[in-house]
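Inside the fold
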Amino acid sequence: MAEYDVYSEQLFSLRNGHALYEPDPAGQDYDKVRIGDVGYVHYGVFHRLFNICYDAHDPINKLGVPEYFEPIHPDDRKEYNRTPLPPGVMSSSSVRRIGGKIGASGPTAVEAGANISLACSRKQGAALLIKNHAYRFDARSLRAFAQCMKDNYSTWRAFAKDVHNRDVVLHDIVLVTGCDLTAEWAMATFNESERGASVSFEVGQAPFGSGDFKLWGEWTSNVHVPHRCGPIPTLPPASRESLLITGGSPSSGQAKDNYNQCIFIRGYRIYRRFWRVPKKIKGAAAPKDLEKEPPPPPSDGQASVNSEYEQAELELAELSLPLKQPNVYDILSGFIFEVSERTLCCSIYK
């Protein structure tokens, strides 16, 4: 499994959302992740296509908007802020501290000179360290966001594929309803590592490195454990200076926000789930008595697909979890219970 998949999967247990392996928007077409962003995650990077909380002509939507685009109603754009995530370490259950201590120097940041050692008791695990608080933003009107995606997911996917030539499938499209932003971070991913593999992180008295490449700390490890620290510029200085950073209003560029490193996103996506069983079975029925319904005529945007042997539902599902695959429960429930022909189920990315 790729490192970015292991990282996000292992940190799901924290219940903060989908952990982005690449928190830094440097090199992207946006300044930071925002509520209302529609995009997709590729190689651990979030790519914004457009934002449903801003008008079509707002600079934030400089890549264009889908056909028939309408921003979400202003009353549904209201946000709220939860208690920030404190500076320090967040990790999967397989990772434990074996030495050192990362403490905050006051209420806002990890103290210089601090260090910590971490070990993984299984083959996979992940740890995230943040130097400063991570500020948390969430949409209030989740039902409005869910309905917006149900109504528009097909045009959003067409916009990504046909207008921007992005290689995305249905369940790749993400509508962001929440995000956690910080300033500096470090992460380690244990992927098929030896049990007992360990890493150590030291916070510098002064930033490590020189010139533009100064980091707030440094990793060491006893075996190969992928580790990273950031933000790290992904473009050479001349390219970064020419990059226009737009803010949250229709005005032109603003100064770059230091708290633009997105470590978690929450939101919605849609995927199609299949199982190959008859829709329902009669008690004590012989095979010839199994009810088989002919497929409905095809139509764009229909919420389910039916055939004699196949049922498919489109669901709003958690971004943080792997896509559900047919299992024994699904198969049995397909036999025992009648499933609506056109169902769109909803669950929030938590």
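For the structure itself, consult the block above.
Described below are features of the structure shown in this document.

The rules we used
Residues numbered from 1 in each chain as written. Predicted model: local features only at pLDDT ≥ 70, side-chain atom pairs only at ≥ 80, totals over all residues. Heavy atoms only, no water. Salt bridge = Lys/Arg side-chain N within 4 Å of Asp/Glu carboxyl O. Helix = DSSP H or I, 4+ residues; strand = E, 2+ residues; numbered from the N terminus. Pairing = 2+ DSSP bridges. Axes fitted to C-alpha atoms, helices over the stretch in contact; angles between N-to-C directions. Contact = heavy atoms within 4.5 Å. Core = buried A, V, L, I, M, F, W, Y, C linked by side-chain atoms within 4.5 Å. Buried < 20%, exposed > 50% of the residue type's maximum accessible area, 1.4 Å probe, protein only. Phe/Tyr/Trp six-rings, centres within 6.5 Å; stacked < 30°, edge-to-face > 60°.

**Quick look at the pattern of salt bridges**
Pairing between side chains of opposite charge can happen when their charged atoms approach one another. Counted under the stated rule, the structure contains eight salt bridges. A salt bridge links arginine 228 to glutamate 22; the nearest nitrogen and oxygen atoms lie 2.8 Å apart. Of the two residues, arginine 228 is situated in strand β14 (residues 227-230) and glutamate 22 in the loop between β1 (18-19) and β2 (37-42); the sequence distance between them amounts to 206 residues. Residue aspartate 180 is joined to arginine 136 by a salt bridge in which the shortest nitrogen-to-oxygen separation is 3.1 Å. Of this pair, aspartate 180 sits in strand β10 (residues 174-182) while arginine 136 sits in strand β9 (residues 134-139); the two residues are 44 residues apart in sequence, bridging distant segments of the chain.

**Focus on the sheet that holds strand β5 (residues 88-91)**
Read across the sheet, four strands follow the order β5-β8-β11-β14 without closing on themselves; strand pairing throughout is antiparallel. Only two strands of the sheet have a single neighbouring strand rather than two, namely β5 and β14. On average, adjacent strands in this sheet sit at an angle of 15° to one another, irrespective of strand direction. Two elements, strand β8 (residues 124-130) and strand β11 (residues 185-191), share seven bridges in a ladder whose sense is antiparallel. Across the sheet, residue glycine 125 finds its bridge partner in β11, namely phenylalanine 190. Across the face of the sheet, helix α1 (residues 3-10) comes into contact with β8 and β11 while running at roughly 75° to β8.

**Regarding the nonpolar core**
In terms of nonpolar packing, the biggest core is built from 28 residues, with Phe50, Ile52, Phe145, Met149, Trp156 and Ile173 touching the most fellow members. If you list the elements that add at least two residues to this core, you get β2, β3 (45-51), α2 (142-163), β15 (261-275) and β17 (311-317). Among the nonpolar cores identified, the runner-up in size contains 20 residues, and Val199, Phe201, Val203 and Val225 belong to it.

**Re the packing of aromatic side chains**
Enumeration according to the criterion identifies eight aromatic pairs in this entry. Considering the side-chain rings of tyrosine 7 and tyrosine 21, the 5.6 Å spacing of their centres and the 65° angle between planes classify their relative orientation as edge-to-face. Within this pair, whereas tyrosine 7 is found in helix α1, its partner tyrosine 21 is found in the loop between β1 and β2, the two being separated by 14 residues in sequence. Each member of the pair tyrosine 7 and tyrosine 21 is classed as buried. Ring centres of phenylalanine 50 and phenylalanine 69 lie 5.8 Å apart, and the angle between their planes is 85°; this geometry places the pair in the edge-to-face category.

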